[in-house]
Amino acid sequence: MNQINLYDAKTNLSSLVDRAASGEEVIIAKNGVPLAKLGPLPKQQEPRKPAHALGISYIAEDFDALDPEIATLFNDDTL
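Residues numbered from 1 in each chain as written. Predicted model: local features only at pLDDT ≥ 70, side-chain atom pairs only at ≥ 80, totals over all residues. Heavy atoms only, no water.

## Overview of the pairing of strand β3 (residues 33-38)
Where strand β2 (residues 26-30) lies against β3, 5 bridges are found, and the strand directions are antiparallel. Within β3, the residue paired with Lys30 across the bridge is Val33. (Pairing = 2+ DSSP bridges. Helix = DSSP H or I, 4+ residues; strand = E, 2+ residues; numbered from the N terminus.)

## Some points on unusual backbone geometry
One can expect most non-glycine residues to show negative phi and most peptide bonds to be in trans. A positive phi is found at Asn31, a non-glycine position, where the angle reads about 55°. Within the fold, Asn31 resides in the loop between β2 and β3.

## Section: the pairing of β2
The element β2 is largely enclosed, with a buried count of 4 among its 5 residues. As paired elements, strand β1 (residues 2-5) and β2 share 4 bridges and run parallel to each other. From the neighbouring strand, Asn2 faces β2, where its bridge partner is Val26. Following β2, the chain reverses through 2 residues before pairing antiparallel with β3; Asn31 in that reversal takes a positive phi of roughly 55°. (Buried < 20%, exposed > 50% of the residue type's maximum accessible area, 1.4 Å probe, protein only.)

## Things to note about the pattern of salt bridges
In total, this model carries 2 salt bridges according to the counting rule given. For Glu24, the salt bridge goes to Arg19, with nearest N and O atoms at 2.8 Å. The exposure class of Glu24 is partly exposed, given its relative accessible area of 25%. The partner of Glu25 in a salt bridge is Lys37, and the shortest N-O contact between them spans 3.9 Å. With a gap of 12 residues between them, Glu25 in the loop between α2 (13-21) and β2 and Lys37 in strand β3 connect regions that are remote in the sequence. (Salt bridge = Lys/Arg side-chain N within 4 Å of Asp/Glu carboxyl O.)

Below, the structure is given as structure tokens:
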């Protein structure tokens, strides 16, 4: 387990995250006092499932079809 000061952690965050993702744990210290530990998360065993946050369970076949009335508004030369 390595200890790194806060300034260096901010400067090298991307590489520290890569190290943590590969299994290494890093202690982040401020003025020599350990404050936080950066480490790997457990591997996900199954794919993520949608949360249905909007409650949408069906999408119509033509949901992205062009609306002729709106198309006429955009193609009107008098605007």
